[in-house]
Amino acid sequence: MNAPAHIDRDLRADFPGLTTGDGAAWHYLDTAATSQKPRMVIDAMARAMGEDYATVHRGVYSRSANMTLAYEAARRQIATFVGGQENEIVFTRGATEAINLVANSWGRANLKAGDRIMLSQLEHHSNIVPWQMIAEVTGAVIDVAPLTSDHQIDLDAAEAMLTDRHKFVAFAHVSNVLGSVLDAPRAAEMAHKVGAKLLLDGCQAVPHMPVDVSALGCDFYVFSAHKLYGPTGIGALWAPHALLESMPPWEGGGAMIDRVTFAKTTYNSAPQRFEAGTPAITEAIAFAAAAKYVADVGLAAMHEAEAALVTRLRRELTRMNDVTVFGPENSAGIVSFAIDGIHPHDLGTILDESNVAIRAGHHCAQPLMDYLGVPATARASFGLYSSQDDVDALLEGITRTRRIFGKA
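Source: prediction; values computed, not measured. (Residues numbered from 1 in each chain as written. Predicted model: local features only at pLDDT ≥ 70, side-chain atom pairs only at ≥ 80, totals over all residues. Heavy atoms only, no water.)

1. Some thoughts on the overall build of the chain
The test is simple: Only runs of H or I of at least four residues qualify as helices and only runs of E of at least two qualify as strands under DSSP, and these elements are numbered from the N terminus. The size measure is the radius of gyration over C-alpha atoms, and the globule rule it meets is 2.2 Å times the number of residues to the 0.38 power. Burial classes follow relative accessibility: with a 1.4 Å probe on protein chains only, a residue under 20% of its type's maximum area counts as buried, one over 50% as exposed, and anything between as partly exposed. Should any heavy atoms of two residues lie within 4.5 Å, those residues are counted as being in contact. To be clear on the numbers: accessible area is Shrake-Rupley with a 1.4 Å probe, and residue cover counts the displayed protein chains and nothing else.
What the chain contains, in helices and strands, is 13 helices and 15 strands. For 408 residues, the compact-globule formula gives about 22 Å, and the C-alpha radius of gyration of the chain, at 22 Å, lands near that figure. Judged by the C-alpha coordinates and their principal axes, the chain covers about 75 × 55 × 35 Å. Here the chain holds 408 residues, and 54% of them are scored as buried. For the chain, long-range pairs separated by at least 24 residues make up 69% of all intrachain contacts whose partners lie at least 6 apart in sequence. Per element, the accessible surface of the chain, about 16700 Å² overall, is 51% carbon and sulfur.

Okay, structure coming up:
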């Protein structure tokens, strides 16, 4: 990932989805929801689904063997991307399934009545609901860490709340609403001090900044391909191999078994024991192609470019006295805001008329909306293809919307 400090070419040409049907520029500012896909990822998936296609881990014929090699090479590529080892990556349907896997495997095996789980106020529903479900089954109790005044997880408060009854901590590495970046090494140190495991939701981190799971110190790291310029339907769970080996499988079927009899079934080693059934073969290969594309561009350069866009947009929005901007100044590629008297859905609809796409709603973070005291926010989120032209178009659209609503 030792890429140049600056992106030295226009990347929009790599993304066929960034134009409208009539050839006009589409100002796509909803990358936090899902990213557009570069041509090389689309081509990699098409080849895997076409002339290269066969099943994996089953056939003895050459194409199946070649596809198995490609599939496992994809696992190595994803592992390298986050600083892990090949046998530490479990392919899942996405980060949501990865969190559910940890909750239903590690959680069921280790949590009991009276144990405590710590989440934070800014978590995505996918990092809340699985823990609520497992708490109901095990009798564990959930605690919620508050936020600081600039809407970051308050680690001082969280540390004061942690006790030796806490067995698990699950935090977003980067908030999908606020863009706030967690001090992950400190969170890991705090969790481990009381004997708890730490899971990081990395969906909004891996597309915006270099991630090295060893340096972060976490026990579990989850992320999705479609946020990382890859396909939907696949994601990854990283955990140390020894930890994965200690966990029971949570789904049964083909591929995850060693031997099956009606008397007893024994299971494959990790990570295969967690991949029941025919895997998402073509998606895994496209996932790896996306990781390679991002690594070749350079995450440090991407982060620098996106930070400049965030800084400018926040500055311009704060000049409008009827706009509230949420989150910290140094948010990672995300700016959420609200305009007095204009519902985010109305703003999003009017912006769409000018080929500007933002997200408007609760962003699968309703507890955070309650905390902020708003039903919804407008969210502009940047990607490696975003430019100052996109910010210009958004600001022009906001000005037009305010005029429509009778604001100066």
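2. Digging into the sheet that holds strand β3 (residues 116–120)
In plain terms, the rule: Two strands pair under a simple rule: DSSP has to find at least two bridges between them. The axes are straight lines fitted to the C-alpha atoms, using for helices just the contacting stretch, and the angles between their N-to-C directions are given from 0 to 180°.
The strand order across the open sheet formed by seven strands is β2-β8-β7-β6-β5-β3-β4, and the pairing between neighbours is mixed. Whereas interior strands pair on both sides, the edge strands pair on one side only; in this sheet they are β2 (89–92) and β4 (141–145). In this sheet, adjacent strand axes meet at a mean angle of 20° when their direction is disregarded. Here three bridges tie strand β6 (residues 197–201) to strand β7 (residues 220–224), and the two strands are oriented parallel to one another. Bridge pairing in β7 links aspartate 201 to valine 222. Here helix α3 (residues 95–110) sits on the sheet in contact with β2, β5 (166–172), β6, β7 and β8 (235–238), set at roughly 150° to β7.

3. A few points about the sheet that holds strand β11 (residues 323–326)
Strand order across the open sheet formed by four strands is β11-β12-β15-β14, with antiparallel pairing between neighbours. Across the chains shown, the open sheet's two edge strands, defined by having one partner strand only, are β11 and β14 (359–361). Neighbour to neighbour, the strand axes of the sheet diverge by 25° on average, direction disregarded.

4. Re the layout of surface pockets
As a reminder, the rule being used: In the cavity and pocket records, a cavity denotes points on a 1 Å grid over the protein atoms alone where a 1.4 Å probe fits but cannot get out, a pocket denotes an open set with protein on both sides within 12 Å along at least 5 of 7 lines, and lining residues are residues with an atom within 4 Å of a point. Grid points are joined across faces, edges and corners, and a volume is the space filled by probe spheres set on the points. Polar here means any residue outside two lists: the nonpolar Ala, Val, Leu, Ile, Met, Phe, Trp, Tyr, Cys and Pro, and the charged Asp, Glu, Lys and Arg; Gly therefore counts as polar.
Space inside the largest pocket adds up to approximately 320 Å³. Around the largest pocket, the lining is made up of 28 residues, and of these His124, Cys203, Gln204, His226 and Lys227 lie nearest the centre. In terms of residue count, the dominant contributor to the lining of the largest pocket is α3 (three residues). For the lining of the largest pocket, a count of residues per class yields ten nonpolar, twelve polar and six charged. The space that makes up the second largest pocket amounts to roughly 240 Å³. Along the wall of the second largest pocket there are 16 residues; nearest its centre are Ile7, Ala305, Leu384, Ser386 and Ser387. Here the lining of the second largest pocket is composed, by residue class, of eight nonpolar, four polar and four charged.

5. Concerning empty space enclosed by the protein
Going through the model one piece at a time under the given rule, you end up with one cavity of 30 Å³ or more. Volume-wise, the largest cavity comes out at about 40 Å³. Around the largest cavity sit His57, Ala255, Gln272, Glu275, Gly277 and Pro279, which together line it. By residue class, the composition of the lining of the largest cavity is two nonpolar, three polar and one charged.

6. Quick word on the environment of histidine 151
Examined against the element boundaries, histidine 151 turns out to sit in the loop between β4 and α5 (155–161). Between the alpha carbons of histidine 151 and serine 180 there is a distance of 7.1 Å; along the sequence they are 29 residues apart. Excluding residues within four positions of it along the chain, histidine 151 makes contact with Leu122, Leu178, Ser180, Phe326, Gly327, Pro328 and Leu372.

7. Side note on the packing of aromatic side chains
Put simply, the rule is: Stacked, tilted and edge-to-face are the three classes assigned to paired rings of Phe, Tyr and Trp, where Trp is represented by its six-membered ring and a pair needs centres within 6.5 Å; plane angles under 30 degrees give stacked, over 60 edge-to-face, the rest tilted.
Across all of its chains, the model carries 13 aromatic pairs by this definition. An aromatic cluster of three or more residues is present, and its members are Phe15, Trp26, Tyr28, Tyr229, Tyr293 and Tyr385.

8. Considering the side chain of serine 35
To keep it simple, the criterion reads: In protein, a polar contact means a hydrogen-donor-capable atom and an acceptor-capable atom, both N or O and within 3.5 Å, with residues adjacent in sequence counting only if both atoms are side-chain atoms; elsewhere, any N or O pair within 3.5 Å suffices.
Tracing the backbone through its elements, the reader meets serine 35 in the loop between β1 (27–28) and α1 (39–49). The exposure class of serine 35 is buried, given its relative accessible area of 3%. From its side chain, serine 35 meets the backbone oxygen of histidine 226 in a polar contact 2.7 Å long. Separated by 2.6 Å, the side chain of serine 35 and the backbone nitrogen of tyrosine 229 make a polar contact. In contact with serine 35, not counting residues within four places along its chain, are His226, Lys227, Leu228, Tyr229, Gly230 and Tyr385.

9. Here we look at the packing of helix α11 (residues 344–352) against helix α13 (residues 388–404)
Stated precisely, the cut-off is as follows: Crossing handedness: left-handed means the near helix sits turned counterclockwise from the far one by under a right angle, and right-handed means the same turn made clockwise.
Across the interface, α11 lies against α13 with an axial gap of 9 Å and an inter-helix angle of 120°. Of the two elements, α11 crosses α13, and the hand of that crossing is right-handed. For the pair α11 and α13, contact is made by Leu347, Ile350 and Leu351 and by Leu394, Gly397, Ile398, Arg400, Thr401 and Ile404, respectively. A class-by-class count of the residues in the contact of α11 with α13 yields six nonpolar, two polar and one charged.

10. Some words on the environment of phenylalanine 405
With respect to the secondary-structure elements, phenylalanine 405 resides in the segment after α13. We classify phenylalanine 405 as partly exposed; its relative accessible area is 35%. For phenylalanine 405 and glycine 341, which are 64 residues apart along the polypeptide, the C-alpha to C-alpha distance reads 8.2 Å. Once you skip the residues sitting within four places of it in the chain, phenylalanine 405 turns out to touch Gly341, Ile342, Asp346 and Ile350.

By themselves, these observations are geometric and do not establish any function.
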